[in-house]
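Structural overview
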Amino acid sequence: MTQVSPSLLSADFANLGRDVEMVNESEATLIHIDVMDGVFVPNISFGFPVLKSIQHIAKKPLDVHLMIVDPGKFVNQVRDIGAEIMNVHVEACTHLHRTVQQIKAAGMKAAVTLNPATPVCMLEDIASDLDMVLLMSVNPGFGGQKFIPNTLEKVRRLRDLLARTGSQALIEIDGGVNLETGRQLVDAGADILVAGNYVFASPDPKGAIAALSAL
Ligand code: DX5
Ligand code: ZN
């Protein structure tokens with residue numbers, strides 16, 4: 001069973017409650033929530049008031065992906081919306097070690113995210129402290145983009161790094177995931193697949209989630 005974290009970025013925001021209920025009833029193991037600030041990425045999505053509303057109806061653990069500058073400033077706010085996992089970009093944190101420790105001290109799982117051009121060796125000295133590594137397989141900011149094939153090699157390199165550093169971190173992949181790229185990613189060593197467009201543009205979103213989790 002592959003873990004699936006459907007990304008609400010591709011949900012229908014006029015019917016967000018209905019779409020969260022769909023995820024609740026599906027085989028998803030997490031709900032992926034993309035927060036953007038228009039500075040770290042060239043787009044703005046939603047912020048804490050929306051997350052609070054999602055928290056009240058979501059029955060799956062919240063996997064919060066912060067595409068914002070200086071995410072360490074928001075550790076307490078992310079904890080207060082009941083997040084299970086807080087993902088911060090290595091490119092957005094000047095003091096990554098401090099931020100990771102603050103996330104764990106707040107009782108959440110710490111995940112570090114890498115943009116497509118950031119090498120996995122950036123994690124060499126922090127990997128053993130992490131619960132999860134999120135590799136971006138598109139440039140962050142938008143749903144529905146094309147998968148960057150180099151990610152497959154990157155997953156294999158990350159697997160080696162985690163084994164070498166004794167890290168128990170899970171590997172999550174975000175961007176352009178569908179049944180075909182999902183299969184390749186799982187074969188390369190991915191544990192969790194984020195999927196937005198593939199799930200929410202499907203005529204059968206629950207079936208799409210079930211198909212990914214069967215990979
Ligand atoms: C992109 C976001 C993703 C996005 C993935 O910046 O981090 O989570 O929703 O969307 P798809 O699966 O459509 O590529
Ligand atoms: Zn994301």
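You'll find the structure just up there.
Heads up: these notes are all about the structure in this document.

**Observations regarding helix 4 (residues 96-105)**
- Residues of helix 4 that are buried include every one of L96, T99, V100 and I103, and no others. Looking straight down helix 4, one finds its buried side chains confined to an arc of 100 degrees; they lie on one side. When the buried face of helix 4 is taken as reference, the exposed residues oriented beyond 90 degrees from it are R98 and A105.
- Each element contacted by the buried residues of helix 4 is listed here: helix 3 (75-80), strand 4 (85-89) and strand 5 (109-114).
- Once helix 4 finishes, G107 follows within two positions and takes phi at roughly 90 degrees, a positive value.

**Examining the sheet that holds strand 7 (residues 170-174)**
- Read from one edge to the other, the open sheet built from 8 strands follows the order 1-8-7-6-5-4-3-2, with strand pairing classed as parallel. Where the open sheet ends on each side, the last strands, each with one partner, are strand 1 (3-6) and strand 2 (31-36). Strand-to-strand, the axes of this sheet are offset by a mean angle of 25 degrees, without reference to chain direction.
- In terms of strand pairing, strand 2 meets strand 3 (residues 62-67) through 6 bridges, oriented parallel.

**Here's the deal with the site of ligand 1**
- As a matter of local geometry, ligand 1 sits amid 20 residues, with S7, G141, G144, D174 and G196 nearest to it.
- The contact in question runs from an oxygen atom of ligand 1 to an N or O atom on the backbone of N197, over 2.9 Å.
- When isolated, ligand 1 has an accessible area of 380 Å², and the protein chains bury 99% of it.
- With 3 residues, the top contributor of residues to the shell around ligand 1 is strand 2.

**Description of the coordination of the zinc ion (ligand 2)**
- Every protein donor of the zinc ion (ligand 2) is listed here as H32 (NE2), D34 (OD), H65 (ND1) and D174 (OD), and their distances to the metal cover 2.0 to 2.3 Å.
- One can describe the donor arrangement at the zinc ion (ligand 2) as octahedral, given that its 6 donor atoms subtend angles of 70 to 169 degrees at the metal.
- Taking the relative accessible area as the measure of exposure, H32 reaches 0% and is therefore buried.

Quick notes on the rules
- Residues numbered from 1 in each chain as written.
- Chains lettered and ligands numbered in written order.
- Predicted model: local features only at pLDDT ≥ 70, side-chain atom pairs only at ≥ 80, totals over all residues.
- Heavy atoms only, no water.
- Buried < 20%, exposed > 50% of the residue type's maximum accessible area, 1.4 Å probe, protein only.
- Helix = DSSP H or I, 4+ residues; strand = E, 2+ residues; numbered from the N terminus.
- Arc of directions from axis to C-beta.
- Contact = heavy atoms within 4.5 Å.
- Pairing = 2+ DSSP bridges.
- Axes fitted to C-alpha atoms, helices over the stretch in contact; angles between N-to-C directions.
- Near = heavy atom within 4 Å.
- Polar contact = N/O pair within 3.5 Å; in protein donor to acceptor, adjacent residues only side chain to side chain.
- Areas by Shrake-Rupley, 256 points an atom, 1.4 Å probe, with all protein chains shown as cover.
- Donors = N, O, S within 2.8 Å, 3.2 Å for Na, K, Ca; no water.
- Tetrahedral: all angles 85-135°; square planar, octahedral: opposite > 155°, others 65-115°.

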